[in-house]
Amino acid sequence: MTDQLVEFDAVALDAGYGREEMLQQMAATPPMNGQAAMWRRTILRHAQLSDDLAALRNATPVTRLMMPQRVADTDLARAVWSDFQPAVPLSAAGAVAGGAGFALGWLVLSLLALPFAAALRPRRKPKTKVAPTTRRAAPVVKGEPPIAKPRLVAETPSHIPRLSGVKR
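The written sequence of each chain sets the order in which its residues are numbered from 1. The predicted nature of this model means local features are confined to residues of pLDDT at least 70 and side-chain atom pairs, given and counted, to a pLDDT of 80 or more, with totals for whole chains, interfaces and linings taken over all residues. Note: side-chain values were computed over all heavy atoms of the structure, leaving out hydrogens and water.

A word on the overall build of the chain
Stage number 1. Of the regular secondary structure elements, the chain holds six helices and zero strands.
Stage number 2. Working rule for contacts: check all heavy atoms of both residues, and any pair within 4.5 Å makes them a contact. Relative to all contacts within the chain whose residues are 6 or more apart in sequence, the contacts with residues 24 or more apart total 32%.
Stage number 3. Carbon together with sulfur atoms contributes 64% to the accessible area of the chain, which is approximately 15,600 Å² in total. Helix and strand definitions follow DSSP, with helices as H or I runs of at least four residues and strands as E runs of at least two, each counted in order from the N terminus. Using the Shrake-Rupley algorithm and a 1.4 Å probe, accessible areas are obtained, with residue cover drawn only from the displayed protein chains.

Okay, here's the thing in structure tokens:
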């Protein structure tokens, strides 16, 4: 739009007029009435957008968030949105390339971390083998106490000392 206004001003200067005088001459000529009104709207819109741009450039990032009225030009917003292309490729080829890169990176990091993971893993104690027994133990029946052979006092071995005062 700025280029168009510069060109309009150059044409006006070549004709010997300033911007406002050129617009008055256009409005006075019947076939150019519509053109004069269009140029007035264009000049007014350019001035408004220039003021908004200056205000946004001078504002801090946080202050810009509080100035939605400065970017409320719907024609401009539609034009910007139609030209917008995201920075991340959102095509099928981009998704495949991103997935392949992720898988390759994961593989490389896993291979690099493998020696460190083995060094940090806790060591287990080796299991001791128990010699197998040749005789089988009798099955234990639950609920019944084991039957013990009663001992008589006379059967006490002689090598065990007797406690004083205890009769057996």
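There is more to say after this.
Focus: the packing of helix α2 (residues 19–28) against helix α3 (residues 33–58)
Stage number 1. For the pair α2 and α3, interaxial distance at closest approach is 6 Å and the crossing angle is 150°. In this structure, α2 meets α3 at a crossing whose hand is left-handed. Here Arg-19, Glu-20, Leu-23, Gln-24, Met-26, Ala-27 and Ala-28 of α2 come into contact with α3, specifically with Asn-33, Gln-35, Ala-36, Trp-39, Arg-40 and Ile-43.
Stage number 2. For this classification, the nonpolar set comprises Ala, Val, Leu, Ile, Met, Phe, Trp, Tyr, Cys and Pro, the charged set comprises Asp, Glu, Lys and Arg, and every other residue, Gly included, is treated as polar. Taken together, the residues that form the contact of α2 with α3 break down as seven nonpolar, three polar and three charged. Axes, fitted as lines to C-alpha atoms, cover a helix only where it is in contact. Angles between the N-to-C directions of the axes lie from 0 to 180 degrees. Each crossing is labelled by how the near helix is turned from the far one, with a counterclockwise turn of less than a right angle marking it left-handed and a clockwise turn marking it right-handed.

Regarding the packing of helix α1 (residues 2–14) against α2
Stage number 1. Taken N-terminus to C-terminus, the directions of α1 and α2 make an angle of 80°; their axes are 9 Å apart at the nearest point. Classified by the interaxial angle, the pair formed by α1 and α2 is roughly perpendicular. Facing Leu-5, Phe-8, Asp-9, Val-11 and Ala-12 of α1, the residues of α2 in contact are Arg-19, Met-22, Leu-23 and Met-26.
Stage number 2. Residues belonging to the contact of α1 with α2 are distributed by class as follows: seven nonpolar, no polar and two charged. Working rule for angles: under 35 degrees goes down as roughly parallel, over 145 as roughly antiparallel, 65 to 115 as roughly perpendicular, anything else as oblique.

A look at α2
Stage number 1. Restricting attention to buried positions, one finds in α2 the residues Met-22, Leu-23 and Met-26. Here the buried residues of α2 occupy an arc of 100° about the axis, which is enough to place them on one side. For the exposure calls, accessible area comes from a 1.4 Å probe over protein chains only, and a residue counts as buried if that area is under 20% of its type's maximum, exposed if over 50%, partly exposed in between. Along the arc lie the directions from the helix axis toward the C-beta atoms.

Observations regarding the pattern of salt bridges
Stage number 1. What makes a salt bridge here is a side-chain nitrogen of Lys or Arg within 4 Å of a carboxyl oxygen of Asp or Glu, nothing more. Taken as a whole, this structure holds two salt bridges when the rule is applied.
Stage number 2. A salt bridge links Arg-19 to Asp-9; the nearest nitrogen and oxygen atoms lie 2.7 Å apart. Of this pair, Arg-19 sits in helix α2 while Asp-9 sits in helix α1, placing them ten residues apart in sequence.
Stage number 3. For Arg-19, a relative accessible area of 33% puts it in the partly exposed group.
Stage number 4. Note that Glu-20 and Arg-40 form a salt bridge whose closest N and O atoms lie 3.0 Å from each other.

Quick notes on the confidence of the model for the chain
Interpretation of the predicted coordinates at a detailed level should be avoided for regions scoring low in pLDDT.
Stage number 1. Put simply, the chain has an average pLDDT of 79, and 76% of its residues get 70 or more.
Stage number 2. A residue's pLDDT is the confidence the predictor assigns to it, expressed on a 0 to 100 scale. Taken element by element, the predicted model of the chain shows its lowest mean pLDDT in helix α5 (residues 74–83) (77) and its highest in α2 (90).

Observations concerning the nonpolar core
Stage number 1. Only buried residues count toward a nonpolar core. Its members are Ala, Val, Leu, Ile, Met, Phe, Trp, Tyr and Cys residues joined through side-chain atoms within 4.5 Å. Formed by Leu-5, Phe-8, Ala-12, Met-22, Leu-23, Met-26, Ala-36, Trp-39 and Ile-43, the largest nonpolar core amounts to nine residues.
Stage number 2. Of all the secondary-structure elements, those providing two or more residues to this core are α1, α2 and α3.

Digging into a nonpolar patch on the surface
Stage number 1. Patch membership is restricted to residues that have no salt bridge and whose relative accessible area is over 30%. Joining uses 9 Å for like charges and 5 Å for the nonpolar side chains Val, Leu, Ile, Met, Phe, Trp and Tyr. Residues Leu-104, Leu-107, Val-108, Leu-109, Leu-111 and Leu-112 make up a contiguous nonpolar surface patch of roughly 610 Å² in combined accessible area.
Stage number 2. Tracing the backbone through its elements, the reader meets Leu-107 in helix α6 (residues 92–120).
Stage number 3. Leu-107 sits in the partly exposed class, given a relative accessible area of 48%.

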